[in-house]
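Listed below, chain by chain, are the residues.
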Amino acid sequence: MYVCICHGITDSQIRQGVQQGMQHVRDLYQQMSLGSQCGKCVCTAKQVLSHCQSEA
Ligand code: FES
């Protein structure tokens, strides 16, 4: 599923990011530019991020 439409970032890409050590939406922003356009994805990205972290 797409989390960030503006940059075409999916939940599996976020999962990979978590596996590579990304811990905050800020990391996704810096590495993938997630949230840097409309910003609507930030809330969902936080949820996906904490879901992936709880799985790890
Ligand atoms: Fe992520 Fe617009 S959907 S910046």
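Just so we're clear, the structure is a prediction, and the values are computed from it rather than from any experiment. Here, residues in each chain are numbered from 1, in the same order as that chain's written sequence. Thresholds applied to this predicted model are a pLDDT of at least 70 for local features of residues and 80 or more for the giving and counting of side-chain atom pairs; totals over whole chains, interfaces and linings are not thresholded and use all residues.

1. With respect to the UniProt feature "domain: BFD-like [2Fe-2S]-binding" (unreviewed entry) in the protein chain
Per the UniProt record, "domain: BFD-like [2Fe-2S]-binding" (unreviewed entry) is found at residues 2-50. Note that residues 2-50 is 53% helix and 10% strand, and that its end C-alpha atoms are spaced 16 Å apart. UniProt positions are given in the numbering used here, feature names are shortened, and annotations may be inferred rather than shown by experiment. Numbering goes from the N terminus for both helices and strands, where a helix is a DSSP run of H or I of at least four residues and a strand is a run of E of at least two.

2. Here we look at the confidence of the model for the protein chain
Confidence of the predictor in every single residue is expressed as pLDDT, which spans 0 to 100. In the predicted model, the protein chain carries a mean pLDDT of 96, and the fraction of residues at 70 or more is 98%. Overall fold confidence (pTM) sits at 0.92, and the ipTM for the predicted complex is 0.98.

3. Some details on unusual backbone geometry
Notably, Ser33 is not glycine yet its phi reads approximately 70°, a positive angle. On the secondary structure map, Ser33 appears in the loop between helix H2 (25-32) and helix H3 (42-55). A residue is classified by how many C-beta atoms lie within 10 Å of it, and Ser33, with 13 of them, is partly exposed. Here a residue counts as buried when 20 or more other C-beta atoms sit within 10 Å of its C-beta, as exposed when there are 12 or fewer, and as partly exposed otherwise, the C-beta atoms being derived from the backbone.

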